[in-house]
Amino acid sequence: MVIFNVGARPALFLNDTKNSNHRALFKLIGTKSNRGAVGARITVTSASRSQIEEVKAGSSYLSTNDSRLHFGLAGDSVMDKVEIRWPSGGVETLRSIPADAIYTIVEGQGVKSTVKLLPPTAH
């Protein structure tokens, strides 16, 4: 994380935590819905858990957050089901999606790109 301080040098914080947990990130691009997919909701179901995240806009004055949705999957290396509910009302379902990647999904077109992440490492 980088924090820009008024009248001072920026501060850089690094998270060097090592563990064996899996993760996945989703970047959504709307076509019928708004391009930023604000309001889209993803439900990720894996062997041990089900999680829901929603694309939000804005956060606070003069700041923003990453618009990608980040899911921590613990020991699950595969997402059994990924359901995307777009603001337009459309629903897309993906099955058996590998963890440890960043997926870009375009509304009505499915996965457009995949960037593999480094595999998790133990202590």
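Structure first, text after, so check above.
Residues numbered from 1 in each chain as written. Predicted model: local features only at pLDDT ≥ 70, side-chain atom pairs only at ≥ 80, totals over all residues. Heavy atoms only, no water.

Caption draft 1: Main features of the packing of aromatic side chains. This structure, assessed with the given rule, holds two aromatic pairs. Measuring from centroid to centroid gives 5.8 Å for Phe-26 and Phe-71, while their planes differ by 75°, and the two rings are edge-to-face. Of the two residues, Phe-26 sits in strand E3 (residues 22–29) while Phe-71 sits in strand E6 (residues 69–74), which places them 45 residues apart along the sequence. No difference in accessibility class separates Phe-26 from Phe-71, as the two residues are buried. (Phe/Tyr/Trp six-rings, centres within 6.5 Å; stacked < 30°, edge-to-face > 60°. Helix = DSSP H or I, 4+ residues; strand = E, 2+ residues; numbered from the N terminus. Buried < 20%, exposed > 50% of the residue type's maximum accessible area, 1.4 Å probe, protein only.)

Caption draft 2: Local environment of the environment of Val-115. With respect to the helices and strands, Val-115 occurs in strand E10 (residues 110–116). With a relative accessible area of 46%, Val-115 lands in the partly exposed category. Distance in space between the C-alpha atoms of Val-115 and Glu-53 is 20 Å, their sequence separation being 62 residues. If sequence neighbours within four positions are ignored, Val-115 has contacts with Ala-101 and Ile-102. (Contact = heavy atoms within 4.5 Å.)

Caption draft 3: Summary view of a nonpolar patch on the surface. A surface patch of nonpolar side chains, amounting to about 500 Å² of accessible area, comprises Val-2, Phe-4, Leu-12 and Leu-14. Tracing the sequence through the fold places Leu-14 in the loop between strand E2 (11–12) and E3. (Patch = residues over 30% accessible without salt bridge, like charges linked within 9 Å, V, L, I, M, F, W, Y side chains within 5 Å. Areas by Shrake-Rupley, 256 points an atom, 1.4 Å probe, with all protein chains shown as cover. Salt bridge = Lys/Arg side-chain N within 4 Å of Asp/Glu carboxyl O.)

Caption draft 4: Fine view of the layout of surface pockets. In this structure, the largest pocket encloses a volume near 370 Å³. Every residue along the wall of the largest pocket is listed here: Asn-15, Thr-17, Lys-18, Asn-19, Asn-21, Arg-23, His-70, Leu-118, Pro-119, Pro-120 and Thr-121. The volume enclosed by the second largest pocket comes to roughly 160 Å³. Taken together, Glu-53, Glu-54, Val-55, Lys-56, Ala-57, Gly-58, Thr-64, Asn-65, Asp-66, Ser-67, Arg-68 and Leu-69 make up the lining of the second largest pocket. (1 Å grid on protein atoms, 1.4 Å probe; cavity = no way out; pocket = protein on both sides within 12 Å on 5 of 7 lines; lining within 4 Å. Points joined across faces, edges and corners; volume = space filled by probe spheres on them.)

Caption draft 5: Geometry of the sheet that holds E3. The four strands lie next to each other as E6-E3-E9-E10, forming an open sheet whose pairing is mixed. Of all the strands in the sheet, the pair left with one neighbour each is E6 and E10. Within the sheet, the average angular offset between the axes of one strand and its neighbour, ignoring direction, is 20°. The sheet contact formed by strand E9 (residues 101–106) and E10 spans six bridges and is antiparallel. Across the sheet, Thr-104 pairs through a bridge with Ser-113, a residue of E10. (Pairing = 2+ DSSP bridges. Axes fitted to C-alpha atoms, helices over the stretch in contact; angles between N-to-C directions.)

Caption draft 6: The pairing of E3, seen in detail. In terms of burial, E3 is a largely internal element, six of the eight residues being buried. Two elements, E3 and E6, share five bridges in a ladder whose sense is antiparallel. Paired with Phe-26 across the bridge in E6 is Leu-69.

Caption draft 7: The nonpolar core, seen in detail. Counting 21 residues, the largest nonpolar core has Phe-26, Leu-28, Ile-42, Met-79 and Val-82 as the members making the most contacts within it. Mapped by element, the contributors of at least two residues to this core are E3, strand E4 (41–46), E6, strand E7 (78–85), strand E8 (91–98) and E9. The contacts of Val-82, once residues within four sequence positions are left out, are Phe-26, Ile-42, Thr-43, Val-44, Glu-92, Thr-93, Leu-94 and Ile-97. (Core = buried A, V, L, I, M, F, W, Y, C linked by side-chain atoms within 4.5 Å.)

Caption draft 8: Local environment of the pattern of salt bridges. Here the structure, examined in full by the defined rule, presents five salt bridges. Asp-100 is paired through a salt bridge with Arg-23; the nearest N and O atoms lie 3.0 Å apart. Of this pair, Asp-100 sits in the loop between E8 and E9 while Arg-23 sits in strand E3; the two residues are 77 residues apart in sequence, bridging distant segments of the chain. Residue classification places Arg-23 among the partly exposed positions, given a relative accessible area of 22%. A salt bridge links Lys-81 to Glu-83, with the shortest nitrogen-to-oxygen separation between them at 4.0 Å. On the basis of relative accessible area, Lys-81 is assigned to the partly exposed category, the value being 29%. A single network of salt bridges, built from pairs that share partners, joins Lys-81, Glu-83 and Arg-85.

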